[in-house]
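# A look at the structure
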Amino acid sequence: MSTETATTDVEQWGPQQWALAVVAWLWVLVPFGYGLYQLIIKIPALFG
Amino acid sequence: MAAGFLQRERIIAPPGWSRWLIPPAALSIHLAIGQAYAWSVFKAPLEKGLGISGVESALPFTLGIIMLGISAAVFGTRVDANGPRWAMFVSSCCFVSGFLISALGLWLGQYWLVVVGYGFVGGIGLGIGYISPVSTLIKWFPDRPGLATGIAIMGFGGGALIASPLTSQLLAAFGGTGDSPDVHGIAQTFLVMGLIYAVFMSVGWLLIRVPAEGWRPAGWDPSMGRQSAMITRSHVSARNAIKTPQFWLLWVVLCFNVTAGIGILERANPIFIDFFRNSTPAEVLAAAAVGFVSILSLANSLGRLLWSSVSDYLGRKNMYRIYLGVGALLYLTLTLTTNSNRVVFLLCSILILSFYGAGFATVPAYLRDLFGTYQVGAIHGRLLTAWSTAGVLGPLIVNAVADAQIAAGVQGPGRYTPAFMVMIVLLVIGFISNELIRPVNEKYHEPAAAEAGAKTGVQA
């Protein structure tokens, strides 16, 4: 069985790989950040 | 769309494809379907707008969670066979259709369509979507399976963080709030949310890839991985897995861990109010209770990533010893200290909820350790029936015990301490079940030929 270790290390990424990765992660992190922010601003009331 | 587009052969990763593109694909699905945890935002508008009871307004959610377990169990093998793009696409179609059918039902004033749409059709989307990225992530991250599944399953916990404020804002914008909410406004909210999720989830099935045959992480060799008698090198089919005691012991572990978490989660708001009514000014008590619910949501979500990642180093069995054993001690502490120390109360509650979330996130890696990667998605699907059972069992126990205490005129923490003691018993039973888990008997292992196929990664 051939063994392939084809995943490119981050250092070897080209501009396209970087662009795709940044867009993909922003796609999920921006909404998550919005939800996290909305939640965190309610927490101080717990100690108010 | 050509049928071939969804086939596994079309999504085999080309050389150079980064495995770090797989978690965002998985998160696109899990952050969307995690909306289910935010169903409660719809409850008050539906009750006031349609004049229905609390039990009726909970029906779509309850049916959705039941369908999650059933569809994950029924379609698990097909998810493994057809691949993650097919599963994510079907999940998106069902989940989005659930919102659209609900919107139509509300527009026509037919609440049963909301139950069928969101609960039945959407629930199928929940089940298929939940397991869709799990085996793929495990195969892309053989060196860190706990971290990989923790990221995705944290997304399911985090989905409510997004959906809760989004739903509130859309309801307000369309006039679906207040004492006499516009039912058409609630329908518009369902419609818009369905369209948002259709776009959001599309990135999941467009981006997902399975590793090529023989692929492994650069510089990683299986022999370098963590060695333990509890980590098998063999593979067990889903059909055989359910014949093993290990599967059913793990079923009990998951079921009781989830039930214990729901013990607090189900009535977090009234628990806080009843515990601290006398020590908190009345004008800030309601806001403080909302803050308590928020901090528990955060603990539930972050616990999935944190503890599941730690399991890559400490081992799955040890982690469940912590979730169940320490969890029981934390419940005991809550029962003994009640409301005498708010910091202790908060710490115990936060840790219990973090263990609740972690129980979900660590179980796929535990299954991989016990049964191998061959049909881990299908086995995971069958195990999720434990979640459906706990989803009914947990609220039933807590509500029955608490309501009986309230009816008996009990005030303060005493309303909940009997329910907490039931949770301690369940956690101890779960702890013992975890202790009884041993490596799977060789007679259940797949023949060498099937194992060779499983190791290629093409069945991810």
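Residues numbered from 1 in each chain as written. Chains lettered and ligands numbered in written order. Predicted model: local features only at pLDDT ≥ 70, side-chain atom pairs only at ≥ 80, totals over all residues.

Along its length, chain B carries 18 helices and 0 strands. Overall, the C-alpha framework of chain B stretches about 65 × 50 × 35 Å when taken along its three principal axes. Within chain B, the proportion of its 460 residues that are buried is 58%. Counted over contacts in chain B with a minimum sequence separation of 6, partners at least 24 positions apart contribute 84%. (Helix = DSSP H or I, 4+ residues; strand = E, 2+ residues; numbered from the N terminus. Buried ≥ 20, exposed ≤ 12 C-beta atoms within 10 Å, placed from the backbone. Contact = placed C-beta atoms within 7 Å.)

Our next topic: the overall build of chain A. Helix and strand counts for chain A stand at 1 helix and 0 strands. A burial count over chain A gives 15% of its 48 residues as buried.

As recorded in UniProt, the sites labelled "transmembrane region" (unreviewed entry) are residues 18-37 of chain A. Summarising residues 18-37 of chain A: 100% helix, 0% strand, and an end-to-end C-alpha distance of 27 Å. (UniProt positions renumbered as here; feature names shortened; annotations may be inferred.)

All names here are of chain B. Domain parsing of chain B yields domain 1 (2-11 + 19-207) and domain 2 (225-454). Facing 32 residues of domain 1, the contacting portion of domain 2 comprises 31 residues. Looking at the side of domain 1 that touches domain 2, the elements with two or more residues in it are α3 (54-82), α5 (111-131), α6 (134-140) and α7 (145-173). Classifying every residue of the side of domain 1 that touches domain 2 by side-chain character gives 19 nonpolar, 9 polar and 4 charged. (Domains from an automatic or database assignment. Nonpolar A, V, L, I, M, F, W, Y, C, P; charged D, E, K, R; others polar.)

Now for the nonpolar core. All names here are of chain B. Of all hydrophobic cores here, the largest spans 156 residues; its most connected members are L137, L254, L383 and L427. The element that contributes the greatest number of residues to this core is helix α14 (residues 342-371), accounting for 16 residues. Residue contributions to this core reach at least three from each of two domains, namely domain 1 (2-11 + 19-207) and domain 2 (225-454). Here L383 is in contact with L250, W251, L254, V363 and L367, once residues within four sequence places are set aside. (Core = buried A, V, L, I, M, F, W, Y, C linked by C-beta atoms within 7 Å.)

With 33 residues, helix α12 (residues 282-314) of chain B should reach 48 Å at 1.5 Å per residue; the first-to-last C-alpha distance of 45 Å fits that figure. One or two steps after α12 of chain B, the chain reaches G315 of chain B, where phi turns positive at roughly 95°. (Expected span 1.5 Å × (residues − 1).)

Here we take up helix α2 (residues 40-50) of chain B. All names here are of chain B. Looking at α2, one finds that the buried residues are F42, P45, L46 and G49. Along α2, the residues classed as buried sweep out an arc of 100° about the axis, all on the same side. For α2, the elements touching its buried residues are α3, α7 and α8 (183-207). Just downstream of α2, G51 is the residue with a positive phi angle, here 70°. (Arc of directions from axis to C-beta.)

Right, let's talk about the packing of α3 of chain B against α5 of chain B for a bit. Residues and elements named next belong to chain B. Contact geometry of α3 with α5 gives a least axis separation of 6 Å together with a crossing angle of 40°. Classified by the interaxial angle, the pair formed by α3 and α5 is oblique. Remark: the crossing between α3 and α5 carries right-handed chirality. (Axes fitted to C-alpha atoms, helices over the stretch in contact; angles between N-to-C directions. Parallel < 35°, antiparallel > 145°, perpendicular 65-115°, else oblique. Left-handed = near helix turned anticlockwise from the far one by under 90°.)

A few words now on unusual backbone geometry. Although it is not a glycine, T338 of chain B adopts a positive phi angle of roughly 40°. Summarising the element assignment, T338 of chain B is placed in the loop between α13 (316-337) and α14.

Moving on: the confidence of the model for chain B. All names here are of chain B. Taken as a whole, chain B shows an average pLDDT of 89; of its residues, 96% reach a score of 70 or greater. Predicted confidence is poor over residues 454-460, with pLDDT under 50, and the contacts of this stretch with residues over four places away or in other chains come to 24 contacts. Both scores are given for the predicted complex: the pTM is 0.86, the ipTM 0.83. (pLDDT = per-residue confidence, 0-100.)

Here the focus is the packing of helix α11 (residues 268-276) of chain B against α12 of chain B. All names here are of chain B. In the contact formed by α11 and α12, the axes pass within 9 Å of each other and the chain directions differ by 130°. On the basis of the axis angle, α11 is oblique to α12. Every pair of crossing elements has a handedness; the one defined by α11 and α12 is right-handed. Along the contact surface, α11 presents A268, N269, F272 and I273, while α12 presents L285, A288, A289, F292, V293 and L296. The residue inventory of the contact of α11 with α12, partitioned by class, reads 9 nonpolar, 1 polar and no charged.

Bringing the environment of P133 of chain B into the picture now. Along the chain, the position of P133 of chain B falls in the loop between α5 and α6. Expressed as a C-alpha distance, the spacing of P133 of chain B and R85 of chain B, which sit 48 residues apart in the sequence, is 8.8 Å.

The next subject is the confidence of the model for chain A. When pLDDT is low, close inspection of the predicted coordinates is not appropriate. Averaged over every residue, the pLDDT of chain A is 78; the share at 70 or more is 73%. Segment residues 1-8 of chain A: pLDDT under 50, and 23 contacts once partners within four positions in sequence are set aside and those in other chains are kept.

Our focus in this paragraph is the environment of W112 of chain B. Residue and element names in this part refer to chain B. Tracing the backbone through its elements, the reader meets W112 in helix α5. Judged by local crowding, W112 falls into the exposed class, with 9 C-beta atoms found within 10 Å. As for W112 and G409, which are separated by 297 residues in sequence, their C-alpha atoms are 37 Å apart.

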